[in-house]
Amino acid sequence: MAGILIYAEVQKGELKKGAFEITSKAKEFGQEVSACIIGSGAEALAPELAKYGADKIYVVDGPEYENYVTEAFVQAFVQVAQQVQPAIILTSSTAQGKDFTPAIAARLQVGCFSDCVDLSLNGDKIVVKRPMYAGKAYVLAEATATPQIASIRPNSFPINENAGAGAVEKVAVSIDAAKIKTVVKSVEIAESDEPDQTEAEIIVSGGRGMKGPDGFPMIEALAKALGPGSTTGASRAAVDAGWRDHAYQVGQTGKTVSPNLYIACGISGAIQHLAGMGTSKVIVAINKDAEAPIFSKADYGVVDDLFKVVPALTEEVKKIRS
Amino acid sequence: MNTVVCMKQVPDTETLIKVNPEGTGIATEGIKWVMGPYDEFAVEEALQQKEKFKAGTVSIVSLGPDRAIEAIRTGLAMGADSAVHINDSAFYDKADPYATAAVLAAAVKNLEYDIVFLGKQAIDDDSGQVPAILAEMLGIPVITQVLKLEVEADKSKATVTREVEGGHAIIDVTLPAVLSAQKGLNEPRYASLPGIMKAKKKPVDVKTAADLGVDVGAMTVIKEMTLPPARQAGKIIEGETPEEKAANLAKALHEEAKLI
Ligand SMILES: Cc1cc2nc3c(=O)[nH]c(=O)nc-3n(C[C@H](O)[C@H](O)[C@H](O)COP(=O)(O)OP(=O)(O)OC[C@H]3O[C@@H](n4cnc5c(N)ncnc54)[C@H](O)[C@@H]3O)c2cc1C
Ligand SMILES: Nc1ncnc2c1ncn2[C@@H]1O[C@H](COP(=O)(O)O)[C@@H](O)[C@H]1O
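Residues numbered from 1 in each chain as written. Chains lettered and ligands numbered in written order. Predicted model: local features only at pLDDT ≥ 70, side-chain atom pairs only at ≥ 80, totals over all residues. Heavy atoms only, no water.

**Quick word on the environment of Val 69 of chain A**
Residues and elements named next belong to chain A.
Stage number 1. When you line up the elements, Val 69 lands in the loop between strand E5 (56-61) and helix H3 (70-84).
Stage number 2. Taking the relative accessible area as the measure of exposure, Val 69 reaches 13% and is therefore buried.
Stage number 3. For Val 69 and Ile 180, which are 111 residues apart along the polypeptide, the C-alpha to C-alpha distance reads 8.5 Å.
Stage number 4. In contact with Val 69, not counting residues within four places along its chain, are Ile 180, Thr 182 and Val 184. (Helix = DSSP H or I, 4+ residues; strand = E, 2+ residues; numbered from the N terminus. Buried < 20%, exposed > 50% of the residue type's maximum accessible area, 1.4 Å probe, protein only. Contact = heavy atoms within 4.5 Å.)

Written out as structure tokens, the structure is:
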């Protein structure tokens, strides 16, 4: 067993950014980098992956892979993995990756690491760094079996162009339909061009200080002004009050995020919230209470009424970016 | 409707984590231990299904040391009928998600179930792996991050809503199945006083990994645990008016942090 095999996730007909991040990282180790793309129209996406370092790209293409079905994708990927015999398998810790990665590890009867933020090589062993206790602690860990599988938190590695050989092989996998005990009836994804919180470069988050759902368009306007890599988030107080959907919640029982910039508006900074965003590169807090604990973690603090500061900030950002 | 709930006792979310002297795990003194918040949704859902069907049992399975009995009793006080406590410190201390799933699978196999409920993630290791591995070992399907569950009257099938990126998917699944609970599935009940009294008399079967015939080593090893560097308070942006502060903040983010 040798080399690195990447699972390159497809969503809405495009490769996820995380696929480029892990391919770029894998390339650094000087080993053969293969990738597996599963999806309807997957073949057309292969050249893009070669740009970031994939030497060999295995494609499982067909209309039946339009929707992600855990069992079908696991069977397809495991057949590719058995053909490639990699020493290391890397995936992204996206919503799909969190479902997929432990399932392939279980099928291959090995362990795996979730949500890693760093990866290095010690001889033929990978050493992963990953958060535990919602980021209150970090561990370095190693696997005892091969293949070694790690899913990597999006935004952990930069994307570098570093072309690989890019040979494409279409794989005809045989799926045991009797083992597929689920049928996806419908998938409803909100029409939005915002990135997912876990992948966003900038997050503008609102808390109880937003006073109600009507405050959130203001936050959305700021995120929009900050550019395409930006999205919004919320504290649990805002979610529990029904102002925002749970998908937006950041924190110990929401999403763990580490954007370049996190702007907390009307959020006090409870330990469970800090756990979910404490690794953001730069934190800004806008809160009218100078004693709010969020200020002890923020790189920049504004002590004032968010209803005045946020719209003014949006205008300033527009000026700078235009 | 018979269900099994795999439930883990974890440190309360308020806990300030400290590293043990060996540097390989947390210092456990003074920690308040609670039932995992996602596991509470799992217990609640099992109870609601039993109530809907007006029949069946809810069994809790938990791997953990002596202290785990408190979380198990909480589950029984909420209304579960019985529990299996895999009380085996030697196994537990080294267990990773794979070994955990192996021992849970061995215990679950001895029980009656249409659905096995778990939390989507234990908030100590944050791995989110046990549901999928357990399902593989039991040879049944798994749906993770479940937001809604509708079981058919004959218990042969269920319709499940799960969270996906940017939305949700509606999936039909043949039972038995493993489902992992996401926040939003339900509102967990509190244990009532009569519930707490009754829980004391409910049966808890105590087992070791060896009793269950499990001899699986961990597939992953923690080499070192550290705390993230403490964040320092940065600067407070000055200004006469909110507008001036906003302008100064934008300037700092543009010129100093170079983020906009
Ligand atoms: C098991 C468990 C899990 C949890 N998980 C999470 C989680 O995942 N995520 C999470 O966020 N929380 C979580 N919590 C909840 C957490 O403890 C806090 O209750 C929550 O984060 C508080 O949200 P908040 O900061 O929005 O509200 P508050 O603490 O009420 O803070 C509101 C802030 O807004 C400020 N404010 C009000 N008006 C204005 C204004 N006009 N201008 C400027 N500032 C203003 C106030 O000064 C205050 O600081 C969890 C709790 C438990 C027990
Ligand atoms: N020691 C354990 N005992 C019982 N259930 C567990 C244990 N560890 C994990 N689980 C279950 O598996 C879920 C996911 O855990 P994890 O994969 O560790 O994040 C938890 O929410 C529990 O439902």
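**Focus: empty space enclosed by the protein**
Stage number 1. Evaluated as defined, the whole model comprises 1 cavity of 30 Å³ or more.
Stage number 2. Approximately 30 Å³ is the volume found for the largest cavity.
Stage number 3. In terms of lining, the largest cavity is formed by Tyr 133, Lys 136 and Gln 252 of chain A together with Pro 11, Asp 12, Thr 15, Ile 17 and Ile 123 of chain B. (1 Å grid on protein atoms, 1.4 Å probe; cavity = no way out; pocket = protein on both sides within 12 Å on 5 of 7 lines; lining within 4 Å. Points joined across faces, edges and corners; volume = space filled by probe spheres on them.)

**Overview of the domain arrangement of chain B**
Stage number 1. When cut into domains, chain B gives domain 1 (3-207) and domain 2 (231-260).
Stage number 2. A straight line from the C-alpha centre of domain 1 of chain B to that of domain 2 of chain B covers 45 Å. (Domains from an automatic or database assignment.)

**Some thoughts on the site of ligand 2**
Residues and elements named next belong to chain B.
Stage number 1. Taken together, 19 residues form the shell around ligand 2, and within it Cys 6, Asp 39, Ala 122, Gly 128 and Gln 129 come nearest.
Stage number 2. Take Ser 127: an N or O atom from its side chain is 2.9 Å from an oxygen atom of ligand 2.
Stage number 3. Within the backbone of Gln 129, an N or O atom sits 2.7 Å from an oxygen atom of ligand 2.
Stage number 4. Coverage of ligand 2 by the protein amounts to 99% of the 480 Å² it exposes when considered alone.
Stage number 5. Ranked by the residues each element gives to the shell around ligand 2, the list is headed by strand E4 (residues 58-63), at 3 residues.
Stage number 6. Here the shell around ligand 2 is composed, by residue class, of 9 nonpolar, 7 polar and 3 charged. (Near = heavy atom within 4 Å. Polar contact = N/O pair within 3.5 Å; in protein donor to acceptor, adjacent residues only side chain to side chain. Areas by Shrake-Rupley, 256 points an atom, 1.4 Å probe, with all protein chains shown as cover. Nonpolar A, V, L, I, M, F, W, Y, C, P; charged D, E, K, R; others polar.)

**Structural notes on the site of ligand 1**
Stage number 1. As a structural note, the neighbourhood of ligand 1 is formed by 27 residues, with Arg 208, Ser 235, Thr 253, Ser 268 and Gln 272 of chain A the closest of them.
Stage number 2. Ligand 1 is flanked by residues contributed from chains A and B.
Stage number 3. A distance of 2.9 Å separates an oxygen atom of ligand 1 from a polar backbone atom of Arg 236 of chain A.
Stage number 4. In this structure, a nitrogen atom belonging to ligand 1 sits 2.9 Å away from a side-chain N or O atom of Asp 305 of chain A.
Stage number 5. Against a free-state accessible area of 990 Å², the protein chains account for coverage of 80% of ligand 1.

**Examining the pairing of strand E7 (residues 112-116) of chain A**
Residues and elements named next belong to chain A.
Stage number 1. Among the 5 residues that make up E7, 5 are buried, leaving the element largely enclosed by the rest of the structure.
Stage number 2. As judged from the 3 bridges shared by E7 and strand E11 (residues 148-152), these two strands associate in the parallel manner. Within the sheet, the bridge partner assigned to Cys 112 lies in E11 and is Ile 149. (Pairing = 2+ DSSP bridges.)

**Some thoughts on the interface of chain B and chain A**
How big an interface is tends to be expressed through the accessible area that disappears when the partners come together.
Stage number 1. Contacts between the two partners involve 74 residues from chain B, matched on the other side by 83 residues from chain A.
Stage number 2. Here chain B and chain A share an interface that buries about 6700 Å² over both sides, 58% of which is from carbon and sulfur atoms.
Stage number 3. Contact with chain A buries area across many residues of chain B, yet Glu 165, Lys 183 and Arg 231 of chain B alone supply 13% of it, more than any other trio.
Stage number 4. For the pair chain B and chain A, the number of links is 8 salt bridges.
Stage number 5. A salt bridge links Glu 165 of chain B to Lys 16 of chain A, with the nearest nitrogen and oxygen atoms 2.3 Å apart.
Stage number 6. Seen at the junction of chain B and chain A, the total is 44 residue pairs in polar contact (both at pLDDT 80 or more).
Stage number 7. The leading source of residues in the side of chain B that touches chain A is helix H7 (residues 242-256) of chain B, at 12 residues.
Stage number 8. Direction of pairing for strand E18 (residues 300-303) of chain A relative to strand E13 (residues 235-236) of chain B: parallel, over a ladder of 2 bridges. For Gly 301 of chain A, the partnering residue across the bridge sits in E13 of chain B and is Ile 236 of chain B. (Buried area = accessible area lost by both parts, 1.4 Å probe. Salt bridge = Lys/Arg side-chain N within 4 Å of Asp/Glu carboxyl O.)

**Overview of the pattern of salt bridges**
Stage number 1. Under the defined criterion, the tally for this structure stands at 28 salt bridges over all chains.
Stage number 2. Lys 56 of chain A is the salt-bridge partner of Glu 169 of chain A, the closest N and O atoms lying 3.0 Å from each other. You can see Glu 169 of chain A sitting in strand E12 (residues 167-170) and its partner Lys 56 of chain A sitting in strand E5, a full 113 residues away along the chain.
Stage number 3. On the basis of relative accessibility, which here comes to 25%, the residue Glu 169 of chain A falls in the partly exposed class.
Stage number 4. Note that Lys 207 of chain B and Asp 205 of chain B form a salt bridge whose closest N and O atoms lie 3.2 Å from each other.

**Points about helix H5 (residues 130-138) of chain B**
Stage number 1. Most of H5 of chain B is tucked away, with 7 of its 9 residues classed as buried.
Stage number 2. Of the surrounding elements, those touching the buried residues of H5 of chain B are helix H4 (95-107) of chain A together with strand E1 (3-6), helix H4 (97-109), strand E6 (115-119), strand E7 (142-151) and strand E10 (177-181) of chain B.

**With respect to the pairing of strand E8 (residues 118-122) of chain A**
All names here are of chain A.
Stage number 1. Pairing geometry for E8 and strand E9 (residues 125-132), over 5 bridges, is antiparallel. Bridging across to E9, Leu 121 finds its partner in Ile 126.
Stage number 2. Connecting E8 to the antiparallel partner E9 that follows it, the hairpin turn spans 2 residues, and Gly 123 within it adopts a positive phi of roughly 65°.

**Let's talk about the sheet that holds E13 of chain B**
Stage number 1. Across the sheet, 6 strands lie side by side as E15(A)-E14(A)-E16(A)-E17(A)-E18(A)-E13(B); this open sheet has parallel pairing. Of all strands in the sheet, those with a lone pairing partner are strand E15 (230-234) of chain A together with E13 of chain B, marking the two edges.
Stage number 2. With 5 bridges joining them, strand E14 (residues 202-206) of chain A and strand E16 (residues 261-265) of chain A adopt parallel strand pairing. The residue of E16 of chain A that forms the bridge with Gly 206 of chain A is Cys 265 of chain A.
Stage number 3. Packed on one face of the sheet, helix H5 (residues 216-225) of chain A meets E14, E15 and E16 of chain A and runs near 150° to E15 of chain A.
Stage number 4. Of the strands in this sheet, E16, strand E17 (282-287) and E18 of chain A are in contact with helix H8 (residues 306-321) of chain A, which crosses E17 of chain A at around 135°. (Axes fitted to C-alpha atoms, helices over the stretch in contact; angles between N-to-C directions.)

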